[in-house]
Amino acid sequence: MENKKVIINVGRQFASGGRYIAGKLSEEFGCRYCDKEILDMAAQESGFSKAFFKKNDEKKNFFRSLFHMHAPLMSDDNFYDNKFSDEGLFQFQCEAIRKAAEEASCVFIGRCADYVLRDEPCAVSIFLSASMKDRVERTIRRHNVDEPTARKIIAKKDSSRSSFYNYYTGKKWGAAESYDLCLNTSVLGLDESVRFISDFIRTKFK
């Protein structure tokens, strides 16, 4: 796949190893790694506060927030006067994803990138899951919490991602028909999962 453009969209259950695997795939294929960077790009494109995009990242809040529309750049203290919807914020993210994909090979993490780039011939969409045991252990280590709290964090994160994805795509988060490949990372482990996915991508675009 030398010199061939590739777009890799990674959906993931919380604590399934998604960020680790996405990072390794970006190294393997020489792709730009796009996670929180998409929020920065959306903020720059829109002129709105970067902190506001981060606060509402992969959440469907059904809110109406107030923004001051007279200044070219927005701060967190002047969200008033005019209404702006979370659908509008999503559209800014979509534009940021499309722009990044036009510019170079990319690995996108979440944020409905598989749906946004569904017409891209060079795109491959992957969904990662893992056993609850592995996910709980990772969450305990990452957040320094006990097991019951880890399970609550996992449930909340998965619910948020699912609601966000299902609302904006009309598809079902994590359902096999929504992706090119679904993989349980607990079966092979993270590094072998990277190798498996890399082989899959090379075969797909051979």
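Residues numbered from 1 in each chain as written. Predicted model: local features only at pLDDT ≥ 70, side-chain atom pairs only at ≥ 80, totals over all residues. Heavy atoms only, no water.

1. Section: the pairing of strand β1 (residues 7–12)
Rules: Whether a residue is buried, partly exposed or exposed follows from its accessible area with a 1.4 Å probe, protein chains only, as a fraction of its type maximum: under 20%, in between, or over 50%, in that order. Here a strand is any run of E in DSSP of at least two residues, a helix any run of H or I of at least four, and the numbering for each starts at the N terminus. Strand pairing follows a simple DSSP-based rule, namely that at least 2 bridges must link the two strands.
Of all 6 residues that make up β1, 6 are buried, and the element is covered over most of its length. Every second residue of β1 is oriented toward a common face, with Ile 7, Asn 9 and Gly 11 on one face and Ile 8, Val 10 and Arg 12 on the other, all of them buried. Where β1 meets strand β5 (residues 106–109), 4 bridges bridge the pair, whose relative direction is parallel. Bridged to Asn 9 within β5 is Phe 108. One ladder, built from 6 bridges, connects β1 with strand β6 (residues 123–129); its direction is parallel.

2. With respect to unusual backbone geometry
One non-glycine residue, Cys 112, lies in the positive phi region at around 60 degrees. Residues other than glycine seldom take positive phi values, yet Asn 144 does so here, at roughly 55 degrees. Secondary-structure assignment places Asn 144 in the loop between α6 (132–143) and α7 (147–169). With relative accessibility at 71%, the residue Asn 144 sits in the exposed group.

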